[in-house]
Number of protein chains: 2
Amino acid sequence: MFIVGVGFTPIGRWFNRSARDLFSEAMIKAIEDAGGLKPKALVVGNMASSTLMEQDSLAALMADYSGLRGIPAFKVEAACGSGGAAVYAGYSLVSSGLADVVAVGGVEKLTEKPTADTTHALALAADREYEVFYGTSFTGLNALITRLYMNKYGYTHEDLAYWALRMHEYASYNPYAQLRKKTSLEVILKSPVIADPIRLFDCSPIGDGAAVVILVRGEERAREVAKATGRDVLVEIAGVGVATDSVDLGSREDLLTLKSTRLASRQAYSMAGVDAGDIDYAEVHDAFHITGYLALEDLGFTGKGEAARVWREGRFVKGDKPEINFSGGLKARGHPVGATGVYQVAEVAMQIRGDYPGYKASDPEIGLAHNLGGVATYTSIVVLRRRR
Amino acid sequence: MFIVGVGFTPIGRWFNRSARDLFSEAMIKAIEDAGGLKPKALVVGNMASSTLMEQDSLAALMADYSGLRGIPAFKVEAACGSGGAAVYAGYSLVSSGLADVVAVGGVEKLTEKPTADTTHALALAADREYEVFYGTSFTGLNALITRLYMNKYGYTHEDLAYWALRMHEYASYNPYAQLRKKTSLEVILKSPVIADPIRLFDCSPIGDGAAVVILVRGEERAREVAKATGRDVLVEIAGVGVATDSVDLGSREDLLTLKSTRLASRQAYSMAGVDAGDIDYAEVHDAFHITGYLALEDLGFTGKGEAARVWREGRFVKGDKPEINFSGGLKARGHPVGATGVYQVAEVAMQIRGDYPGYKASDPEIGLAHNLGGVATYTSIVVLRRRR
């Protein structure tokens, strides 16, 4: 299966734009990018439309506003991992033969209501009865894990702050990023505490955006599109994986292992016939710095407890293998929740094609997108491979 | 592809039971019904968990509480058609080879909050910006269509009331139905107006429930389960279809045609190699009497404008072709929104197997389940076929 078109909007706090507006922009761009190929089915990843937009029937609405009224469509929810799960569902629609051209879109409009409402909506990713009821926020849960990581491996806040530093630098090159500005260690370390030990600059921002990728079955079809669009590179979906974990953290064996990431990545590696060492480029899910570090460990890119150290020492930058998050990551590209997983897949596909508009990877052949829902309650993995 | 296990809870206003409790009951029953076969992936249909339960991450939660922590899982939303769309997504997971045993579950807990909140949550199926904003409820939109149907074809309220009359009779035999009682024309005609001309007894009730079906790939696997469970009948999924329409009614060509039902049913008929005249038994989506009548017309079981007349004259009862809604339909079996489409598939499968616990169909060979989201914003169709 091949990705033949991608499209996304700049991420921001678009108080003057609706979800249908953002989504149709991304869809039109993706269809243009695919040489005008029209999707015959649509899967939409979204988390919070019911709570923040007061809108269900989301996939039909997005199909209609994209000029695709009538086609099979449904929304997929897997909390912050809705976009990645939607790609998995879209992959299966194509692979099963139910549709030969499928669009997978993600859209999130987080700025419809005051930020307190958004914080509440995001907390629905956690367990209502065992966690949220007691007053925790989603940042609060991640703060617990950050503290444990610091205590177990002897890290200071400064040790962890290098995540945000690097993400802001990359995002400064990304015209679609929400936070297009470099920052400094001093700013990060002095930013306000959100949930101790997590500070403002350790968190991804709240923003709106939409992204679409178009999938087709069969190399011949992909070559036709490549020819029509003047490209000499095909982007193949070589492997996919989705796995889950308990929603409440209290019933997990080990808070410092993203078990779903281990499971889903091994599924996808196995399907693609690769292992962690073969990945040239990856976009990983860094809703918080801690999530980014644990992802690097559980994807198999470094050992347990080592990620923050080797990151600070300069691993995963340009020229290393793998190169990580040149978009700026959720931290600085932004995190329009249900759209994020689709942005990642689109970004990795463009890095492989060589036409990514931001900080460029070193001509990657094998790329990976890693999207989490909740505190790794869900992981979805997509492995992409360059074909000539 | 084959359905090898089904399970569901009685539908009711279960103030003392949570969604995870209901869902795990349905899953345990389905796994037992499949001779202990354990699902390797899960798709959950649900509409209102975000608004009424304040819970996202629903599919992982349901997997965990069913003893399936870790498996690939995601939620599908297509408003009231979420269950049927989940079956479509589950079909594609199996058919694509991503998983060889897939559970599709639907769950809805509508009684978590006061009824006014539930009414609001259900209205999210309509267009927030062009309909709900102006104060309409979901019943209000259906009332407009009912009035148009009555005016165009010259029906009185009494003409339409025979839908509820028959549904209540069937439900009186169904141990899982929410409204297990016969009623009379007088009660229906004198029931309170909800949105003129729709009265209380023309509407499906608000209730909670969960249903699960287990799908496997390959006849050999299905035969193994049949042997282990002592059954001599296989239930094959012969065809599926999903289609959409605009969310807002104002931009449709004809309010009295469920266009998505026409599209989705033709997809499914074509895949199954049947036409409307071949269907022996069907469960159709009668959220209101009008929806049931229009469904019969747009599925091709009778001509446009005729359904209410031929229904009153006695068509679609036992011995006719097709037989319709012996469960009692959404009207009286109940309508736990995102679970309804899965109940329907489970019920049709049991009618084909011959072990349905309520009013029995006449040994059907080909069955159909018809599930709507919104005012036919979504239709999903599943055609089942008996195999010996």
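Residue positions are given per chain, counted from 1 along the sequence in the order it is written. For naming, the first written chain is A and the first written ligand is 1, with later ones following in the order written. Only residues with pLDDT of at least 70 are given local features in this predicted model, and only at 80 or more are side-chain atom pairs given and counted; all residues enter the totals for whole chains, interfaces and linings.

Student: Which parts of the structure should I look at to understand the packing of helix α4 (residues 82–95) of chain B against helix α15 (residues 337–353) of chain B?
Tutor: Residue and element names in this part refer to chain B. With axes taken as lines fitted to C-alpha atoms, and helix axes fitted only over the stretch in contact, angles between N-to-C directions fall between 0 and 180 degrees. Each helix is a run of DSSP H or I of at least 4 residues and each strand a run of E of at least 2, with the numbering of both proceeding from the N terminus. With their axes 5 Å apart at the nearest point, α4 and α15 run at an angle of 60 degrees to one another. Our classification of the angle between α4 and α15 gives oblique. Residues Ser82, Gly83, Gly84, Ala86 and Val87 of α4 pack against Gly338, Ala339, Thr340, Gly341, Val342 and Val345 of α15. Throughout, the ten residues Ala, Val, Leu, Ile, Met, Phe, Trp, Tyr, Cys and Pro are labelled nonpolar, Asp, Glu, Lys and Arg are labelled charged, and all others, Gly among them, are labelled polar. For the contact of α4 with α15, the class distribution of residues is five nonpolar, six polar and no charged. Put simply, angles under 35 degrees are roughly parallel, angles over 145 are roughly antiparallel, angles from 65 to 115 are roughly perpendicular, and the rest are oblique. Here, residues touch in the contact sense if the C-beta positions derived from the backbone fall within 7 Å of one another.

Student: What am I meant to see in the packing of helix α1 (residues 19–33) of chain A against helix α3 (residues 58–65) of chain A here?
Tutor: Between two packed helices, what matters for the description is the angle formed by their axes and the separation of those axes. Residues and elements named next belong to chain A. α3 packs onto α1 with a crossing angle of 60 degrees between their chain directions and a minimal axis gap of 9 Å. Put simply, α1 runs oblique to α3. Remark: the crossing between α1 and α3 carries right-handed chirality. Packed against α1, whose contacting residues are Arg20, Phe23 and Ser24, the element α3 presents Leu61, Met62 and Tyr65 at the interface. Here the residues of the contact of α1 with α3 are counted per class, giving four nonpolar, one polar and one charged. Put simply, a crossing is left-handed when the front helix is turned counterclockwise from the back one by less than a right angle, and right-handed when it is turned clockwise.

Student: How should the relation of the copies chain A and chain B be read in this particular structure?
Tutor: Least-squares fitting of one copy onto the other uses the C-alpha atoms of those residues that reach a pLDDT of at least 70 in both copies. It takes a turn of 180 degrees to lay chain A on chain B, together with a shift of 0.0 Å along the axis; the resulting RMSD is 0.0 Å. Interpreted geometrically, this transformation is the action of a two-fold axis. If distances are taken from each C-alpha of chain A to the rotation axis, the shortest is found for A:Ser96, at 2.0 Å. Most of the interface of chain A is mirrored in chain B, where 100% of its interface residues again form contacts.

Student: Even after reading the chapter, I still don't get the domain arrangement of chain A, so can you show me in this structure?
Tutor: It is common to give the size of an interface as the accessible area lost on bringing the parts into contact. Residue and element names in this part refer to chain A. Domain limits in this description derive from either an automatic procedure or a database domain assignment. By domain assignment, chain A separates into domain 1 (2–114 + 206–228) and domain 2 (118–204 + 238–387). Taking only C-alpha atoms, the centre of domain 1 and the centre of domain 2 are 22 Å apart. With 39 residues of domain 1 in contact, the opposing surface of domain 2 contributes 36 residues. Breaking the side of domain 1 that touches domain 2 down by element, the ones donating at least two residues are β1 (2–8), α2 (49–53), α4 (82–95), β4 (101–108) and β7 (209–216). Top element by residues in the side of domain 1 that touches domain 2 is α4. It accounts for eight residues. Its residues placed into classes, the side of domain 1 that touches domain 2 shows 24 nonpolar, twelve polar and three charged.

Student: Sorry if this is basic, but what is going on with the nonpolar core here?
Tutor: One recurring pattern in soluble globular proteins: nonpolar side chains tend to sit buried together. Among the nonpolar cores identified, the biggest contains 303 residues, and A:Val213 and B:Val213 are the most heavily contacted of them. Apart from residues no more than four positions distant in its own chain, B:Val213 is found in contact with B:Ile3, B:Gly5, B:Val6, B:Ala30, B:Val104, B:Val342, B:Val345, B:Ala346 and B:Ala349. Joined through C-beta atoms within 7 Å, a set of buried Ala, Val, Leu, Ile, Met, Phe, Trp, Tyr and Cys residues constitutes a nonpolar core. Three exposure classes are used, all based on how many other C-beta atoms lie within 10 Å of a residue's own C-beta (placed from the backbone): buried at 20 or more, exposed at 12 or fewer, and partly exposed between those limits.

Student: Is there a simple way to think about the interface of chain A and chain B in this case?
Tutor: Taken together, the contact pairs 47 residues of chain A with 47 residues of chain B. Secondary-structure elements contributing two or more residues to the side of chain A that touches chain B are α2, α3, β3 (73–77), α4 and β8 (234–244) of chain A. For the side of chain A that touches chain B, the element with the most residues is α3(A), which contributes six residues. Split into classes, the residues belonging to the side of chain A that touches chain B amount to 25 nonpolar, 14 polar and eight charged. Direction of pairing for β3(A) relative to strand β3 (residues 73–77) of chain B: antiparallel, over a ladder of three bridges. Its bridge partner lying in β3(B), A:Val76 is registered against B:Val76. If DSSP finds at least two bridges between two strands, the strands pair.

Student: Please clarify how unusual backbone geometry should be interpreted in this entry.
Tutor: Excluding glycine, residues mostly carry a negative phi; peptide bonds, for their part, are mostly trans. Here the amide bond leading from A:Lys321 into A:Pro322 is cis, since omega sits at -5 degrees, within 30 degrees of zero. Within the fold, A:Pro322 resides in the loop between α13 (307–312) and β10 (323–324). We note that B:Phe316 has phi near 75 degrees; this positive angle belongs to a residue other than glycine. Relative to the elements of secondary structure, B:Phe316 occurs in the loop between α13 (307–312) and β10 (323–324).

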